[in-house]
Amino acid sequence: MITLRSIVRLQPLASNIVKQSIYKQSPTYLNAVCCAISVRQYAKGKDKLKERSRDKGYKFAKVQFNDDQLREFFNLDGYTGQLEKCIDTMRNEFIKNLSLRSTTGSIETLKIKVDGKDHELQELAQIIRKNPKTIVINMVAFPQTIPAALQAIQKSGMNLSPQQDGTTIFIPVPKITKEHRENLSKNAKTLFIKCRDSIKDAQNSVVKKLKNQKDISQDDNFSIQGQVVSIAEKYIAEAEDMLEVKQKELQGKD
């Protein structure tokens with residue numbers, strides 16, 4: 001007897017000839033075989049669809065919305081603006097605080113809290129590079145802020161050890177040692193994590209708002225949330241690339 005497997009393996013034309021032959025012998029058997037083939041092929045197609053959907057992280061095939069369509073559901077420009085700000089902040093922190101050679105520019109922009117408000121150190125003091133090995137900070141204008149300035153310098157992540165002499169702060173510029181490189185590399189990782197968490201916070205805020213929207217179908221809502229996450233992941237990947245480049249620079253690797 002011709003089996004189901006043998007029919008499935010046949011080319012369509014040959015399969016039709018076999019079907020005619022089977023029908024003459026047993027119409028009932030032919031109908032059963034054809035039904036079995038249809039069910040089998042449908043199941044295979046369904047499995048492939050599920051597999052493709054799982055690869056993309058969704059239970060079902062999602063609909064892709066363009067930017068103009070996304071703007072109808074949430075503030076896309078505000079969202080991407082937040083993510084870009086996270087990247088810019090990380091980039092600026094890398095430039096200011098992760099230099100192998102401490103510069104006056106890095107120290108000038110350190111934040112000092114005075115009466116509950118943040119001020120840059122350069123607003124409170126005169127900062128000069130006395131020589132390649134020493135930075136001098138004259139705090140005579142605001143001597144009451146010296147303790148806060150010392151704390152900010154020590155916690156700057158630049159591996160600095162300020163020394164106070166009256167209203168003047170002397171900062172020895174550290175040598176570029178292996179330990180110094182490792183400390184800066186760790187600080188780079190800390191700044192990346194801060195950036196990544198900020199991006200995730202912005203992402204979760206948008207997703208939370210979308211979940212509460214009742215004027216979007218469940219499938220569309222799920223697809224839009226997926227695109228929100230995908231946008232955030234691109235920015236996180238950009239931050240990871242920046243981190244990798246910076247760590248290689250700090251560790252002296254090509």
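Summary of the structure given here. Per-chain numbering applies: the sequence of each chain, read as written, is numbered from 1 onward. The model is predicted, so local features are restricted to residues of pLDDT at least 70 and side-chain atom pairs to those at 80 or more, both for listing and for counting; the totals for chains, interfaces and linings are taken over all residues. Excluding hydrogens and water, the side-chain values take into account all heavy atoms of the structure.

Quick look at the nonpolar core
By nonpolar core is meant a set of buried Ala, Val, Leu, Ile, Met, Phe, Trp, Tyr and Cys residues that side-chain atoms within 4.5 Å join together. When accessible area is computed with a 1.4 Å probe and restricted to protein chains, residues below 20% of their type maximum are described as buried, those above 50% as exposed, and intermediate ones as partly exposed. Membership of the largest hydrophobic core comes to 32 residues, with the highest contact counts inside it found for F74, Y79 and I199. In this description a helix means any DSSP run of H or I spanning at least four residues, a strand means any run of E spanning at least two, and both kinds are numbered starting from the N terminus. Within the residue set of this core, elements represented by two or more residues are α5 (76-97), α9 (178-211) and α10 (218-250). Should any heavy atoms of two residues lie within 4.5 Å, those residues are considered in contact. What F74 contacts, discounting residues up to four positions off in sequence, is Y79, V206, L210, I224 and V228. Within the second largest apolar cluster, 21 residues are counted, among which are V114, L121, A125 and M158.

Digging into the sheet that holds strand β3 (residues 126-131)
Criterion used throughout: strands pair if DSSP finds at least two bridges between them. Overall, antiparallel pairing links the 4 strands, which are arranged β3-β4-β6-β5 in an open sheet. Strand pairing shows two members of the sheet lacking a second neighbour, β3 and β5 (163-165), which therefore form its edges. Pairwise comparison of adjacent strand axes, ignoring direction, gives a mean angle of 25° for this sheet. Sheet topology note: the β5/strand β6 (residues 168-172) ladder contains 3 bridges and is antiparallel. When the bridges of β6 are listed, Q163 appears paired with F170. Angular values range over 0 to 180 degrees, each being the angle between N-to-C directions of two axes fitted as lines to C-alpha atoms, with helices fitted over their stretch in contact. The strands touched by helix α8 (residues 146-154) within the sheet are β4 (134-138), β5 and β6, with β6 carrying the most contacts at an inclination of about 10°.

Quick word on the layout of surface pockets
Rolling a probe over the atoms, with the probe sized like a water molecule, indicates the empty space that remains. Think of a 1 Å grid over the protein atoms and nothing else: a 1.4 Å probe that fits but is trapped marks a cavity, an open set flanked by protein within 12 Å on at least five of seven lines marks a pocket, and residues with an atom within 4 Å of a point count as lining. Grid points are joined across faces, edges and corners, and a volume is the space filled by probe spheres set on the points. Taken as a whole, the largest pocket holds about 660 Å³ of empty space. Looking at the largest pocket, it is lined by 23 residues, and the ones nearest its centre are E93, N97, L110, K155 and S156. At the level of secondary structure, the elements contributing two or more residues to the lining of the largest pocket comprise α5, β1 (111-114), α8 and α9. If you tally residues by element for the lining of the largest pocket, the top one is α5, at 5 residues. Residues that form the lining of the largest pocket fall into these classes: 6 nonpolar, 10 polar and 7 charged. Note that Gly is not counted as nonpolar here; it falls among the polar residues with everything else outside the nonpolar set of Ala, Val, Leu, Ile, Met, Phe, Trp, Tyr, Cys and Pro and the charged set of Asp, Glu, Lys and Arg.

Digging into the environment of A202
When you line up the elements, A202 lands in helix α9. For A202, a relative accessible area of 7% translates into the label buried. Between the C-alpha atoms of A202 and L83, which are 119 residues apart in sequence, the distance is 7.4 Å. Leave out the neighbours within four places in its chain, and A202 touches Y79, Q82 and L83.

Any link to function would need more than the numbers given here.
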